[in-house]
Amino acid sequence: MSAGAAMKKKSTEPIPVMDYGQFRRARKLVHECCNYDNGQCIALDEGDGCVCVQSISHSVLCRWFCCAVLPLDRELEAALFHRLERKRCSVCARLFLPGSNRAKYCPDCAARMKRKHAAERKRKQRRICHALGREKAL
């Protein structure tokens, strides 16, 4: 696939539109961008001041913002770009982007639930006495 074909394919994808809460979160992230300087975009600046388009738009327009800044807020990125691929965590009910089709928990809850299930498994294993072939009395 040539670079021109890749650009055409990318331009046919719909531009994600943010609601007000997502806009506020993205607005805070804009300040983390290395091209942002007091409301001006250094990448678009050609001598005269050019306002940062991402700081005033309810759409995701800036490619640099999409590639470098938006991944800092994984939940917002999943909400904007992976709407159909998202799952809801069974514990905290937050939306997350699963790594596989078996994912049930968000990354924060996954470690906690792994420890919990391991403790339950070991507790059950210790309760059953393998040497005597019967369960221990509690």
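These numbers come from a predicted model, not from an experiment. (Residues numbered from 1 in each chain as written. Predicted model: local features only at pLDDT ≥ 70, side-chain atom pairs only at ≥ 80, totals over all residues. Heavy atoms only, no water.)

Peer 1: Can you help me understand the pattern of salt bridges in this one?
Peer 2: Applying the stated criterion across every chain yields a total of two salt bridges. Aspartate 73 is the partner of arginine 25 in a salt bridge, and the nearest nitrogen-oxygen pair spans 2.8 Å. Residue arginine 25 is found in helix H2 (residues 20-30), and its partner aspartate 73 is found in the loop between helix H4 (63-69) and helix H5 (74-81); the two are separated by 48 residues along the sequence. Under the relative-accessibility criterion, aspartate 73 is labelled buried at 16%. In this structure, arginine 94 and aspartate 108 form a salt bridge, with 3.3 Å as the shortest nitrogen-oxygen distance. Of this pair, arginine 94 sits in the loop between strand E3 (87-88) and strand E4 (95-96) while aspartate 108 is found in helix H6 (residues 107-127), placing the two residues 14 residues apart along the sequence. Judged by its relative accessible area of 36%, arginine 94 is partly exposed. You can call aspartate 108 partly exposed: its relative accessible area is 49%. (Salt bridge = Lys/Arg side-chain N within 4 Å of Asp/Glu carboxyl O. Helix = DSSP H or I, 4+ residues; strand = E, 2+ residues; numbered from the N terminus. Buried < 20%, exposed > 50% of the residue type's maximum accessible area, 1.4 Å probe, protein only.)

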